Amino acid sequence: MTSSLPLPLEHWFASRGWTPRRHQIDMLAAARAGDHALLVAPTGAGKTLAGFLPTITDLIDAPVDGLHTLYVSPLKALAVDVRRNLLTPIEEMGLPIQVETRTGDTPSDRKARQRARPPQILLTTPESLSLLLSYPDSFLLFSGLKTVIIDEVHAFASQKRGDLLNLSLSRLQAINPGLRRVALSATVADVDAYRAWLAPDGDINAVAPVMGEAGADPNVAILIPEGRIPWSGHSGKYAAKQVMAEIERRATTLIFCNTRGLAELIFQELWSANEANLPIAIHHGSLSIDARRKVESAMAAGKLRGLVATASLDLGVDWGNVDCVIQMGAPKGSSRLLQRIGRANHRLDMSSEAILIPGNRFEYLEARAALDAVEEGERDADDFRAGSLDVLAQHVMGLACAAPFRQEDLLREIRSSTPYSALTDDAFVNVLHFIEGGGYALRAYDRFKRLTQEDDGTWRVSHPRFVQQHRLNAGIIVDQPALNVRFANGRKLGTVEESFAATLRQGDSFFFSGMALEVVRIELTDLVVRATAKQARIPSWGGTRMAMSTRLADRVRHFLAEPEEWHRFPEDVREWLEMQKYRSALPQPGQLLVETFPHEGRHYLVCYSFEGWNAHQSLGMLLTRRMDAQGLMPLGFVSNDYALAIYGMKPVTDPQSLFSADILDHEFIDWVEQSSLLKRAFRDVAVISGLIERQHPGKRKTGRQVTFSTDLIYDVLRKYEPGHMLLKAAWADARARMTDVGRLGDLIDRASATMLHVALDRVSPLAVPVLIIIGREQVAQAAAEDALLIEAEALIAQAMRPD
């Protein structure tokens, strides 16, 4: 089997006692046939080596000095980690192959040297690749490029970063038509959809599907806490002592949290329970580069016993000494869970060990559903959609920085990118005219005139300052306005969002980077702090919350309707469901259960749709507006991933009328246009498209300045050019990302066809988890927490009383 490998590679495999796996040889065969390739193989199967095997083989057989292979990763940490793991075999074989990284963290002098004297293998991110393509020397730099390897392609292909990368692939293919595209993933549900995304011109037959052999089944357990599974909460912090016990008996444990705020909270809970004073750390995207690199190095060296992390370490980071993964709170999707489980052991022939810690009873059902999905090999579906126009505008401007272009030539190139294959002539002209002058309503302002069309039809950048402006501001990830967190000596710890910083005053304390910090002073862009022993609070970060995937939601609905499955659940979960069935009802799959009941002088409506927090928040806004119009005097609403509860002064006797399908035609549009959602979405697309810059040379705008600028332009366009390209792009974002209108529409359809309305005389068991949230919507102090606990216990007693 190894006869197809060059001798240095054969000897290296033999020295390790290894034999190349079938999918690794298949990847080499695809390369020799000149085919593009998509490799789908489980974590620990040697995907990265399989991706690079043709490159190393080619560089052994025919060494070159220039750039041979480009590796694109969704995470900076992954690029650094792959470099470390790729250098080992290269050095052990004594090969003269240079491997370097190029990300936002790379020093500027090294970036300049890389463009003039590139390594044979360059590891980068979609954003850094896009910037490389904005330089005139990109044509020379990439002229000899043979292969592009896209790792963890599932993590971003169907998102805006995937749009940008696919457009960049089209430009690379135009520079070198013989370029091969390779993508790697462990968790792809629809192989053909990804083959189409990867292929030039969407030609699925040009991409060879390479399937890795199945690995050992993971060993995954749901932790049943001492006592009973909580009624509410989503952190799993109640299990801190048990998690610490797991850390104590293992070499290294990764503890995953779904949000940065939760990671800070769980770290503090674990530190309080860390009686053995074991080395544990925290890692998330808001920490400084130095802090993250220090933690990553300590993990790679085996110096940490536990690491609390977010999605910042979800993907492909290969730390072989991790022997257990713990998921705090609900996993939200089987693919995400499988990805995280794969961080343990990282060997195909050894079971990865993982523990799920649900935060509440609904989360227990979700965890069980995710576990079943993993065992049955079910993955979460990805929703591919047409490429975003704000991303296209950024890409076109970047290419113009590299060289003037002709409209028809560039349109042909762009249409070879699968997300933009259906781009119309008119849509492309609108993008060009937007970059040319900002659109009709903004044409009077010179600062928006970034492109100029010459008499011969060629488009070029209007002034050199726009080239610098583009390179300073390009990027797809639009962070929320943030302040630097630093000590008085200048040492930076990371960033917190302006919205959280605005709640702080001098002397206030908060947890960050695993430390309790006291605010010394607040400057324009900095939060100056010092370490403290004072009681502190957990920071909050905004952004879209992860919703339970539709496939997990379907499984949870089936659990509710299948009592024969309940023997698998803990006793308190069974009691909860059995009492719900006795006192009210449990919905059948496809049915929407709506309960109405009085409680403490208010009237409640609770619907159980399992469509996720975003869809429920949107529906809560719409229903309260409709209830107000009907004189039902709504007071407010709360939601989680599973249910929505609305409370008011008058009872709802006919919920069917509230859920009528026209709510998406009337109230939805009116609500979005009057709310801040559209302005928030507009801010993001205005920044991505390059209309608003975040940075000037030597100066970065504050979040307030960016928001002020985008709000002004938004108001002008709404009034004078409502059909503007960016307003359409903002609407698309608001519908898909912020309101989850697709799942909201499914919910409304289900309501009109299958609603089961149950009128009760008091709260039901199923309603307890969402109603408990009402008391916790405000930040609670310790005394208030005790009062809320007493109130929750009284609510539970009412719900679980059989008479």
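Located above this text is the structure these notes cover.
This one's a predicted model, so the numbers in the text were calculated from it and none came from an experiment.

A. Main features of unusual backbone geometry. Its identity as a non-glycine residue notwithstanding, Asn277 has a phi of 55°, on the positive side. Structurally, Asn277 is set in the loop between helix 11 (260–273) and strand 10 (280–283).

B. Region of interest: the packing of helix 14 (residues 361–375) against helix 20 (residues 550–561). With their axes 9 Å apart at the nearest point, helix 14 and helix 20 run at an angle of 115° to one another. One finds that helix 14 runs roughly perpendicular with respect to helix 20. Crossing hand, helix 14 versus helix 20: right-handed. For the pair formed by helix 14 and helix 20, the contact residues are Leu365, Glu366, Arg368, Ala369, Ala370, Asp372 and Ala373 on the first element and Leu552, Arg555, Val556, Phe559 and Leu560 on the second. The residue inventory of the contact of helix 14 with helix 20, partitioned by class, reads 8 nonpolar, no polar and 4 charged.

C. Broad picture of the packing of aromatic side chains. Under the counting rule described, the total for this entry stands at 17 aromatic pairs. Arranged with centres 5.7 Å apart and planes meeting at 15°, the rings of Phe597 and Tyr604 form a pair that is stacked. Classification of Phe597 as buried rests on a relative accessible area of 2%. Considering the side-chain rings of Tyr604 and Tyr647, the 5.9 Å spacing of their centres and the 35° angle between planes classify their relative orientation as tilted. Of the two residues, Tyr604 is situated in strand 23 (residues 602–608) and Tyr647 in strand 25 (residues 643–648); the sequence distance between them amounts to 43 residues. Per residue, the accessibility class of Tyr604 equals that of Tyr647, and both read buried.

D. Geometry of the sheet that holds strand 10. Strand order across the open sheet formed by 6 strands is 8-13-12-9-11-10, with parallel pairing between neighbours. Pairing within the sheet leaves two strands with one partner each, and these edge strands are strand 8 (219–222) and strand 10. Ignoring strand direction, the axes of neighbouring strands in this sheet form an average angle of 20°. Relative to strand 13 (residues 353–357), strand 12 (residues 324–328) runs parallel, the two sharing 4 bridges. For Val325, the partnering residue across the bridge sits in strand 13 and is Ala354. Helix 10 (residues 240–248) contacts strand 9 (253–256), strand 10, strand 11 (306–309), strand 12 and strand 13 of the sheet and is inclined by roughly 150° relative to strand 9. Packing against the sheet, helix 11 makes contact with strand 9, strand 10, strand 11 and strand 12, and its axis sits at approximately 175° to strand 10.

E. A look at the environment of Leu678. Position of Leu678 among the secondary structure elements: in helix 25 (residues 677–688). As for Leu678 and Ala734, which are separated by 56 residues in sequence, their C-alpha atoms are 6.1 Å apart. Beyond its immediate chain neighbours, meaning those up to four positions away, Leu678 contacts Val672, Glu673, Tyr714, Ala730, Trp731 and Ala734.

F. Representation of the packing of helix 1 (residues 7–16) against helix 3 (residues 47–61) in the model. At their nearest, the axes of helix 1 and helix 3 sit 9 Å apart, and the two run at 135° to each other. Taken together, the axes of helix 1 and helix 3 lie oblique to each other. Residues Pro8, Leu9, Trp12 and Phe13 of helix 1 pack against Leu49, Leu53, Ile56, Thr57 and Ile60 of helix 3. Along the lines of polarity and charge, the residues of the contact of helix 1 with helix 3 split into 8 nonpolar, 1 polar and no charged.

G. Examining a nonpolar patch on the surface more closely. Residues Met633, Leu635 and Met649 make up a contiguous nonpolar surface patch of about 280 Å² in total accessible area. Here Leu635 is to be found in strand 24 (residues 634–639). Taking the relative accessible area as the measure of exposure, Leu635 reaches 47% and is therefore partly exposed.

H. Spotlight on the side chain of Ser158. Within the fold, Ser158 resides in the loop between strand 5 (147–150) and helix 8 (160–175). Sequence-distant contacts of Ser158, that is, excluding residues within four places in its chain, are made with Asp382, Asp383, Phe384 and Arg385.

I. A look at the environment of Glu246. For Glu246, the position within the fold is in helix 10. Classification of Glu246 as buried rests on a relative accessible area of 14%. Setting aside residues no more than four positions away along its own chain, Glu246 makes contact with Thr253, Ile326 and Ile355.

J. Looking closely at the pattern of salt bridges. Following the criterion strictly, the structure yields 41 salt bridges and no others. Of the charged contacts, one joins Glu127 and Arg161 as a salt bridge, the two residues approaching to 2.8 Å between their closest N and O atoms. Highlighted residues: Glu127 in helix 6 (residues 126–132) and Arg161 in helix 8, separated in sequence by 34 residues. When its relative accessible area of 13% is taken as the criterion, Arg161 is described as buried. Here Lys679 and Asp715 are joined by a salt bridge, their closest N and O atoms 3.8 Å apart. Of this pair, Lys679 sits in helix 25 while Asp715 sits in helix 26 (residues 703–720), placing them 36 residues apart in sequence. Given the relative accessible area of 27%, Lys679 is considered partly exposed. One salt-bridge network, held together by shared partners, links Asp554, Arg557, Glu611, Arg743 and Arg750.

K. The arrangement of the nonpolar core in detail. Counting 77 residues, the largest nonpolar core has Val396, Ile414, Leu451, Leu619, Phe659 and Phe682 as its most contacted members. Here Leu451 is in contact with Met397, Ala400, Phe405, Leu432, Ile435, Glu436, Trp459, Arg460, Val461 and Ser462, once residues within four sequence places are set aside.

About the criteria used
Residues numbered from 1 in each chain as written. Predicted model: local features only at pLDDT ≥ 70, side-chain atom pairs only at ≥ 80, totals over all residues. Heavy atoms only, no water. Helix = DSSP H or I, 4+ residues; strand = E, 2+ residues; numbered from the N terminus. Axes fitted to C-alpha atoms, helices over the stretch in contact; angles between N-to-C directions. Parallel < 35°, antiparallel > 145°, perpendicular 65-115°, else oblique. Left-handed = near helix turned anticlockwise from the far one by under 90°. Contact = heavy atoms within 4.5 Å. Nonpolar A, V, L, I, M, F, W, Y, C, P; charged D, E, K, R; others polar. Phe/Tyr/Trp six-rings, centres within 6.5 Å; stacked < 30°, edge-to-face > 60°. Buried < 20%, exposed > 50% of the residue type's maximum accessible area, 1.4 Å probe, protein only. Pairing = 2+ DSSP bridges. Patch = residues over 30% accessible without salt bridge, like charges linked within 9 Å, V, L, I, M, F, W, Y side chains within 5 Å. Areas by Shrake-Rupley, 256 points an atom, 1.4 Å probe, with all protein chains shown as cover. Salt bridge = Lys/Arg side-chain N within 4 Å of Asp/Glu carboxyl O. Core = buried A, V, L, I, M, F, W, Y, C linked by side-chain atoms within 4.5 Å.

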